[in-house]
Amino acid sequence: MIAQMLLKSKEKSTYKEDSSGEKPIRSVAKALSWRVVGTLDTLVVSYILTGRISLAASIASVDFVTKLILYFFHERVWNVIKWGK
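What comes next is a walk through the structure.

Conventions and cut-offs
Here the residue numbers are simple positions, counted from 1 along each chain's written sequence. Per-residue local features of the predicted model are confined to residues with pLDDT of at least 70, and side-chain atom pairs are confined, for both listing and counting, to 80 or more; whole-chain, interface and lining totals are unaffected and use all residues. The basis for every side-chain value is the complete set of heavy atoms in the structure, and neither hydrogens nor water enter the calculation. Here a helix means four or more residues in a row that DSSP labels H or I, a strand means two or more in a row labelled E, and each is numbered from the N terminus. Type-normalised accessible area, obtained with a 1.4 Å probe on protein chains alone, sets the label of each residue: buried when under 20%, exposed when over 50%, and partly exposed for intermediate values. For this analysis, residues touch if any pair of their heavy atoms sits within 4.5 Å. Surface exposure here means Shrake-Rupley accessible area, sampled with a 1.4 Å probe, where a residue is shielded only by the protein chains that are shown. An expected span of 1.5 Å times one less than the residue number is assigned to each helix. In the sections that follow, a salt bridge refers to a side-chain nitrogen of Lys or Arg positioned within 4 Å of a carboxyl oxygen of Asp or Glu.

Right, let's talk about the overall build of the protein for a bit. Broken down by element type, the protein carries four helices and zero strands. Shown N-terminal to C-terminal, the secondary structure of the protein runs as helices and strands in the order α-α-α-α. Buried residues in the protein amount to 16% of all 85 residues. Nonlocal contacts in the protein, meaning residues at least 24 apart in sequence, comprise 63% of its contacts between residues at least 6 apart. Entry remark: accessible area of the protein is about 6,900 Å², with carbon and sulfur atoms responsible for 70%.

Quick look at the structure:
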């Protein structure tokens, strides 16, 4: 949304366009893409700390699933909140 606003320098958007919420599928796509980045980070940090790739992969796998679910619901809750829209 911010990128769209920056790219539309001369076009004015309406309040309705700016305040419309995201569809759940968009929240899922955002959650998945962010979790891939976050999981790679967790994998690297876990490997550095443990020195064992199998343990690091286990930690990263659990992290991926739990935080994917938490992020989805976090996005849906924030989509309902009118503040800042």
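After that view of the structure, there is still more to cover.
This part takes up the environment of Lys30. Mapped onto the elements of the fold, Lys30 is located in helix α3 (residues 24-50). Judged by relative accessible area, Lys30 falls into the partly exposed class, the value being 25%. Through-space distance from the C-alpha of Lys30 to that of Tyr71 is 8.9 Å; in sequence the pair is 41 residues apart. Contacts of Lys30, omitting those with residues within four sequence positions, involve Glu22, Tyr71 and Glu75.

If you check α3, its first and last C-alpha atoms are 37 Å apart, about what 27 residues at 1.5 Å a residue would give, namely 39 Å. Ser27, Ala31, Arg35, Gly38, Thr39, Thr42 and Ser46 are the residues of α3 that are buried. Of the surrounding elements, those touching the buried residues of α3 are α4 (53-80). Gly51 occupies a position one or two residues after α3 and carries a positive phi of about 75°.

On to the pattern of salt bridges. For the structure shown, the criterion picks out three salt bridges. Lys30 is the partner of Glu75 in a salt bridge, and the nearest nitrogen-oxygen pair spans 3.2 Å. On the criterion of sequence distance, the pair formed by Glu75 in helix α4 and Lys30 in helix α3 is long-range, its members being 45 residues apart. For Glu75, a relative accessible area of 15% corresponds to the buried category. Measuring nitrogen to oxygen at the nearest pair gives 2.6 Å for the salt bridge that ties Arg35 to Asp63. Note that Arg35 is positioned in helix α3 and Asp63 in helix α4, a separation of 28 residues in sequence. The buried category is assigned to Asp63, whose relative accessible area is 10%.

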